Amino acid sequence: MKFAYRFSNLLGTVYRCGNLNFTCDGNSVISPVGNRVTVFDLKNNKSDTLPLATRYNIKCVGLSPDGRLAIIVDEGGDALLASLVCRAVLHRFHFKGAVHSVSFSPDGRKFVVTKGNLAQMYHAPGRKREFNAFVLDKTYFGPYDETTCIDWTDDSRCFAVGSKDMSTWVFGAERWDNLIYYALGGHKDAIVGCFFESSSLDLYTLSQDGALCVWQCDTPPEGLRLKAPAGWKADLLQREGEDEDEDEDEDEDEAERETTIRGKAAPAAEEQRGKVQYSRVAKYFFNKEGDFNHLTAAAYHKKVHLLVTGFASGIFHLHELPEFNLIHSLSVSDQRVSSIAINGSGDWIAFGCSGLGQLLVWEWQSESYVLKQQGHFNSMVSLAYSPDGQYIVTGGDDSKVKVWNTLSGFCFITFTEHSSGVTGVTFTTTGYVIVTSSMDGTVRAFDLHRYRNFRTFTSPRPTQFSCVAVDSSGDIVSAGAQDSFEILIWSMQTGRLLDVLSGHEGPISGLCFNPMKSVLASASWDRTVRLWDMADSWRTTETLALTSDALAVTFRPDGAELAVATLNSQITFWDPESAVQTGSIEGRHDLKTGRKELDKITAKHSAKGKAFTTLCYSADGQSILAGGMSKFVCIYHVKEQILRKKFEISCNLSLDAMEEFLNRRKMTEFGNLALIDQDAMEEGGVTIPLPGVKKGDMSSRHFKPEIRVTSLRFSPTGRCWAATTTEGLLIYSLDARMLFDPFELDTSVTPAQMRAALCQRDFTRAILTAFRLNERKLLQEALESVPWDESSSRAEWDFPPSLPVGVISSSLPDLYVEKVLEFLASSFEESRHLEFYLIWTQKLLMVHGQQLKSRVGTLLPAVQFLQKSIQRHWDDVSKLCDWNRYNMQYALAVSKQRGLKRPSEPPGSEEEADASEDDDSSLHLLRRGPGDGDGPLA
């Protein structure tokens with residue numbers, strides 16, 4: 001088994017907090033998810049998480065105008081300069097304070113960050129190598145409270161900054177002689193957004209109380225006059241022979257004024273004479289009816305003159321400026337709209353709702369959703385892979401069951417029939433039925449063909465189910481009760497209760513069927529694991545005595561071994577036939593739990609109460625995955641009983657139990673500062689309780705969720721594994737980067753020898769040499785050099801004659817057949833030679849089929865990976881063929897309506913008559929398009 005696994009994608013959570021951005025082409029949305037960034041490709045229907053992470057939750061993301069660079073700033077003020085092209089971190093920087101927003105200038109030469117009550121302008125990093133990517137240019141002072149928003153003019157000459165002190169300031173990127181910096185008032189609440197008009201200095205400002213002010217400037221952008229350089233007075237004074245010491249002092253003062261710019265809230269009338277003047281020409285209100293009085297987010301598209309505003313009630317408005325004409329109003333959620341973004345063409349609008357973790361992309365002209373995704377807004381508890389590895393089902397404490405596509409990363413169906421937290425999910429062997437258990441006392445079966453709940457299993461008396469399992473035939477469903485200590489057995493076909501298994505003296509913590517036999521293993525808090533024989537009237541065949549409470553149980557894929565995780569941080573292995581313990585692993589030191597903020601004991605002592613709560617065998621059964629109340633996932637070798645690798649699933653310090661040592665800076669003589677709600681005045685937080693104040697939700701509290709792993713599953717293909725964590729659904733896949741991992745290497749095995757064999761048309765020796773070198777480019781070169789049939793191998797210059805794929809595949813040793821199948825499965829995902837690799841697959845399976853059946857246990861992951869790759873291509877080709885068929889039918893129907901005749905056929909031919917049947921239905925169907933409405937929006 002290979003262990004070059006790396007983080008590849010984040011599912012289950014689509015948006016947490018921060019600002020949304022569209023890429024420069026307008027086809028993708030960049031969404032901050034915790035301390036990671038996910039890119040949702042709306043055109044190709046795919047999501048991808050960048051392989052980078054910040055130390056805290058991301059606060060804001062600034063995108064360069066060319067879409068190549070992104071500045072990602074977290075809540076602690078740490079910034080990452082990331083390249084979206086090579087998906088790597090280029091530079092790290094600390095702003096020494098919390099940053100609220102960051103914005104690049106339209107020309108890409110500068111960027112501005114708002115921090116505290118000031119704004120700082122930096123030189124944007126260029127394409128050339130620099131020692132320091134972030135060079136401070138100017139610091140702007142003026143607002144008395146925290147700055148909240150930024151907007152630039154089209155020519156990058158000026159930018160506007162809004163503040164919580166209800167004022168807006170217009171600053172210059174250069175020192176303009178006729179532009180003075182003063183506050184624009186007119187609002188009674190904090191500024192949410194400020195926007196310049198296109199090719200103008202006219203300004204729109206929006207405040208939290210739903211007020212919009214329109215400001216008109218008496219000077220066009222071309223009328224700004226550049227201030228004279230700093231040393232012009234010094235040169236003039238030197239020509240007149242004045243004192244040089246006074247010149248040096250004046251130069252130093254002038255240089256300081258160049259880097260530190262201070263504005264005045266109310267400058268004198270003499271200072272404003274001959275300068276740029278702003279006047280308020282209109283003021284509008286969104287909350288005339290009083291239904292929504294809290295504006296939370298805003299965005300403005302300058303070319304289309306479209307203003308989009310979001311409110312705390314989940315309603316958003318579309319207005320046309322400057323007339324303030326209402327275009328559209330809709331409620332997208334019952335939670336506050338946290339962020340809004342508009343793509344470059346102005347057609348798509350992205351909304352982010354942090355309360356429920358929603359991400360929506362709305363096409364306002366057609367009034368339809370382009371993307372509608374929502375993760376589990378509570379923690380995910382369980383997951384399961386489909387038998388072919390294409391889908392993942394997750395269940396959460398929010399009582400929802402979601403099914404995710406592993407290729408696209410999107411959720412395509414959500415089941416909401418449960419009324420309480422979901423505790424277990426599993427697929428049947430067919431892959432089209434999902435069985436779930438819940439704390440509401442029901443076990444439900446869902447059909448993935450019709451997306452419906454077709455079976456509901458209940459118990460004779462009310463109980464809460466903690467786990468669920470389905471046998472290999474898919475006919476028997478079992479669930480463990482948490483309060484009655486019983487196991488209930490139902491029939492999938494009839495839905496009737498078949499039996500109630502009693503014997504445990506504690507809550508049932510886990511159930512698992514033997515994949516090869518009709519044996520059910522149940523783990524309980526009574527320190528036992530019982531094996532129930534379905535073929536012998538559910539009689540208890542064996543009872544395995546443990547040293548501590550059992551928390552998880554799982555069978556090896558071949559059913560010859562049983563693994564149990566207990567409360568004392570041990571993993572014990574048993575032979576289910578003889579009920580003999582074959583080994584154990586002590587995992588307490590490998591958990592390495594962190595210290596919570598309010599813990600009064602060290603992390604070393606708190607680890608004594610932690611344990612593994614979930615187990616999963618690898619696809620080949622040689623290793624086992626273990627996770628629990630820790631930020632680490634451990635992979636152990638079963639036979640050697642040693643730790644092979646340990647994965648740190650998160651480095652996000654915004655989660656609890658991440659610190660290893662006590663932070664003494666938070667300890668005061670009055671107690672721990674973590675006991676104080678520091679975010680009381682933040683948006684959505686609790687307002688400071690002053691007399692007469694009715695603002696804010698007094699019941700809301702800010703808390704840090706604890707990091708933990710609730711469920712682990714290996715993909716049946718063996719190429720990846722998934723973990724449900726506090727951060728979301730994390731996918732780890734095999735590292736596709738260049739790794740030198742040779743097989744049976746000696747001095748005669750070289751790339752030159754492989755190419756020499758290709759020149760001699762000795763394809764078998766070339767393929768074996770390439771597989772011994774185990775480099776992907778060499779493998780591809782060797783396999784694609786083989787002619788696909790006899791006719792293509794016969795050529796005048798071909799001497800000696802080449803052998804086709806069928807002959808070469810029959811001459812391969814059995815040891816290399818598995819490696820060729822794995823390479824073919826991975827090549828299907830990226831190669832364009834679909835038919836050529838299908839011929840290779842067919843010939844290999846036909847020639848070596850009997851030998852492969854004898855090693856089905858070890859070859860099963862490779863075959864399932866191959867099946868998954870071929871199935872994906874089959875789905876794509878079938879959709880393309882359906883689309884072409886619909887288009888041809890539509891063209892025939894239109895030509896019939898217009899009375900056009902095809903020149904190759906006589907009038908009234910049978911083909912034309914057949915094709916023209918049901919013209920109206922064809923037109924109606926084709927305008928709708930194939931696949932429209934297939935599956936509800938998640």
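Not measured: the values here are computed from a predicted model. (Residues numbered from 1 in each chain as written. Predicted model: local features only at pLDDT ≥ 70, side-chain atom pairs only at ≥ 80, totals over all residues. Heavy atoms only, no water.)

(A) Just the nonpolar core, in detail. Within the largest apolar cluster, 36 residues are counted, with the highest numbers of intra-cluster contacts made by Ile767 and Trp840. Counting residues in hydrophobic clusters, the runner-up holds 33 residues, among them Val161, Val170, Ala173 and Tyr182. (Core = buried A, V, L, I, M, F, W, Y, C linked by side-chain atoms within 4.5 Å. Buried < 20%, exposed > 50% of the residue type's maximum accessible area, 1.4 Å probe, protein only.)

(B) Up close: empty space enclosed by the protein. Enumeration over the complete set of coordinates arrives at 4 cavities of 30 Å³ or more. Lining the second largest cavity are Val170, Leu179, Ile180, Tyr182, Leu184, Val276 and Tyr278. Taken together, the residues that form the lining of the second largest cavity break down as 7 nonpolar, no polar and no charged. (1 Å grid on protein atoms, 1.4 Å probe; cavity = no way out; pocket = protein on both sides within 12 Å on 5 of 7 lines; lining within 4 Å. Points joined across faces, edges and corners; volume = space filled by probe spheres on them. Nonpolar A, V, L, I, M, F, W, Y, C, P; charged D, E, K, R; others polar.)

(C) A look at the sheet that holds strand E37 (residues 442–447). Taken together, the 4 strands give an open sheet; going across it, the order is E35-E36-E37-E38, and neighbouring strands pair in antiparallel fashion. Both edges of this open sheet fall to strand E35 (422–427) and strand E38 (452–458), since each of them pairs with a single strand only. Within the sheet, the average angular offset between the axes of one strand and its neighbour, ignoring direction, is 20°. Relative to strand E36 (residues 433–438), E35 runs antiparallel, the two being bridged by 5 bridges. Paired with Val425 across the bridge in E36 is Thr436. (Pairing = 2+ DSSP bridges. Helix = DSSP H or I, 4+ residues; strand = E, 2+ residues; numbered from the N terminus. Axes fitted to C-alpha atoms, helices over the stretch in contact; angles between N-to-C directions.)

(D) Representation of the sheet that holds strand E32 (residues 391–396) within the structure. Strand order across the open sheet formed by 4 strands is E31-E32-E33-E34, with antiparallel pairing between neighbours. Only two strands of the sheet have a single neighbouring strand rather than two, namely strand E31 (380–385) and strand E34 (411–415). With direction set aside, neighbouring strand axes in the sheet form an average angle of 20°. Note: strand E33 (residues 401–405) against E34, 4 bridges, orientation antiparallel. Counterpart to Lys402 in the pairing with E34 is Thr414.

(E) Main features of the pattern of salt bridges. Summed over all chains, the structure comprises 21 salt bridges. Between Asp137 and Lys138 there is a salt bridge, with its nearest N and O atoms 3.3 Å apart. On the accessibility criterion, Asp137 (15% relative accessible area) is buried. Relative accessible area serves as the criterion here: at 6%, Lys138 is assigned to the buried category. Through salt bridges with shared partners, a single network forms among Lys110, Asp137 and Lys138. (Salt bridge = Lys/Arg side-chain N within 4 Å of Asp/Glu carboxyl O.)

(F) Local environment of the packing of aromatic side chains. All chains considered together, the criterion is met by 35 aromatic pairs. Each ring, one from Phe104 and one from Phe111, has its centre 5.6 Å from the other, and the planes form 45°; the classification is tilted. Of the two residues examined, Phe104 and Phe111, each falls in the buried class. Joined through ring pairs, the aromatic side chains of Phe93, Phe95, Phe104, Phe111, Tyr122 and Phe134 make up one cluster. (Phe/Tyr/Trp six-rings, centres within 6.5 Å; stacked < 30°, edge-to-face > 60°.)

(G) Structural detail: the packing of helix H7 (residues 763–773) against helix H8 (residues 776–784). Between H7 and H8, whose axes approach to 8 Å, the crossing angle comes to 165°. Judged on the interaxial angle alone, H8 and H7 are roughly antiparallel. Viewed along their axes, H7 and H8 form a crossing whose handedness is left-handed. Along its contact with H7, which presents Ala766, Ile767, Ala770, Phe771 and Leu773, the element H8 presents Leu778, Leu779, Ala782 and Leu783. (Parallel < 35°, antiparallel > 145°, perpendicular 65-115°, else oblique. Left-handed = near helix turned anticlockwise from the far one by under 90°. Contact = heavy atoms within 4.5 Å.)

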